[in-house]
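Commentary on secondary and tertiary structure
Residues per chain, in single letters:
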Amino acid sequence: MQTKKEHVREQIAAAAKEVFLRKGFMKTAMHDIAKGAGVGVSNIYNYFEGKDDLFRYIVTPLIVEMESMVREHHNVRYHEQFQRYACDGSDEMMMEHIQKYIKLIGNHQDELKLIMYKAQGSSLENFIDDYTDECTRQVVAFMEEYKKQHPQTGMVRTQFTYHIHTVWMFSFMSEIIKHRLTPAEIEKTVEDYVQFEFIGWRNIMNH
């Protein structure tokens, strides 16, 4: 019985994703989702509180992964790896970033489309701005702590640079999605982007 319920839940979610991608959150009606899922509108409410709950359910795997990236890359435990990159030329951190970007874009293109282009009217319509602000806050805190431990390290001259850095990330992913790159093209593009980005940060930190 539980298996059947989970099947119906995922059936509804799959239908909702398709409609959200086509129409956007605001223009999607519950009867559109019900029709796509082959269930009654009232049956949807046995699984989800409403349209917004459905939207959040669909994009949650992406959000969890993005929030995990922020925590992993901007905490004090990351200092040692950061130091090896900045001063010793180790590419360990850069390669890790490349793999995480490839995984994020490869596994969540539909969810990225929903968050970036189709979320207006939902509780997540400001997710990109909120994520950018939180990422900027954590980067600033990370760099300030790192500077205390390594006072000789160079830093950017304004915190707004960190903000722009996160904005670029979303612009980069948006262009990849809009141009429908193949997996091989995505991998090469991500490698170029991350290498270009990291070389710039290394240059700043060593001056």
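Everything quoted here is computed from the prediction, not taken from an experiment.

Further remarks concern the pattern of salt bridges. This model, assessed by the stated rule, comprises 6 salt bridges. A salt bridge links Arg9 to Glu6; the shortest N-O distance between them is 3.9 Å. One end of the pair is Arg9 and the other is Glu6, both in helix H1 (residues 2-23) and 3 residues apart, which spans about a single turn. Residue classification places Glu6 among the partly exposed residues on the basis of a relative accessible area of 34%. With its nearest N and O atoms 2.7 Å apart, the salt bridge here joins Glu134 to Arg137. In this pair, Glu134 and Arg137 both sit in helix H8 (residues 127-149), 3 residues apart, roughly one turn of the helix.

All right, on to H8 then. Taking 1.5 Å of rise per residue, 23 residues should cover 33 Å, and H8 covers 33 Å from first to last C-alpha, within 8% of that figure. If you check which residues of H8 are buried, you get Phe127, Tyr131, Thr132, Cys135, Thr136, Gln138, Val139, Val140, Phe142, Met143 and Tyr146.

Let us now look at the packing of helix H6 (residues 92-107) against helix H9 (residues 160-178). Closest axis-to-axis distance for the H6/H9 pair is 11 Å, and the angle between their directions is 50°. The angle between H6 and H9 places the two elements in the oblique class. In this structure, the crossing between H6 and H9 has a hand that is right-handed. Counted together, Tyr101, Leu104 and Ile105 of H6 and Met169, Phe172, Met173 and Ile176 of H9 form the full contact between these two elements. By residue class, the composition of the contact of H6 with H9 is 7 nonpolar, no polar and no charged.

At a minimum axis distance of 9 Å, the contact between H6 and helix H10 (residues 183-205) shows a crossing angle of 140°. By the angle between their directions, the pair H6 and H10 is classed as oblique. Of the two possible hands of crossing, H6 and H10 adopt the one that is right-handed. In contact with Met93, Met94, His97, Ile98, Tyr101, Ile102 and Ile105 of H6, H10 contributes Ile186, Glu187, Val190, Glu191, Tyr193, Val194, Gln195 and Phe198. Taken together, the residues of the contact of H6 with H10 break down into 11 nonpolar, 2 polar and 2 charged.

One full turn of an α-helix is made of 3.6 residues, so residues set three or four places apart face in the same direction. Relative to the 22 Å expected for 16 residues at 1.5 Å per residue, H6 spans 23 Å between its end C-alpha atoms, a close match to the ideal helical length. Buried residues of H6: Met93, Met94, His97, Ile98, Tyr101, Ile102, Leu104 and Ile105, and no others.

Each value, and the rule that gives it
Residues numbered from 1 in each chain as written. Predicted model: local features only at pLDDT ≥ 70, side-chain atom pairs only at ≥ 80, totals over all residues. Heavy atoms only, no water. Salt bridge = Lys/Arg side-chain N within 4 Å of Asp/Glu carboxyl O. Helix = DSSP H or I, 4+ residues; strand = E, 2+ residues; numbered from the N terminus. Buried < 20%, exposed > 50% of the residue type's maximum accessible area, 1.4 Å probe, protein only. Expected span 1.5 Å × (residues − 1). Axes fitted to C-alpha atoms, helices over the stretch in contact; angles between N-to-C directions. Parallel < 35°, antiparallel > 145°, perpendicular 65-115°, else oblique. Left-handed = near helix turned anticlockwise from the far one by under 90°. Contact = heavy atoms within 4.5 Å. Nonpolar A, V, L, I, M, F, W, Y, C, P; charged D, E, K, R; others polar.

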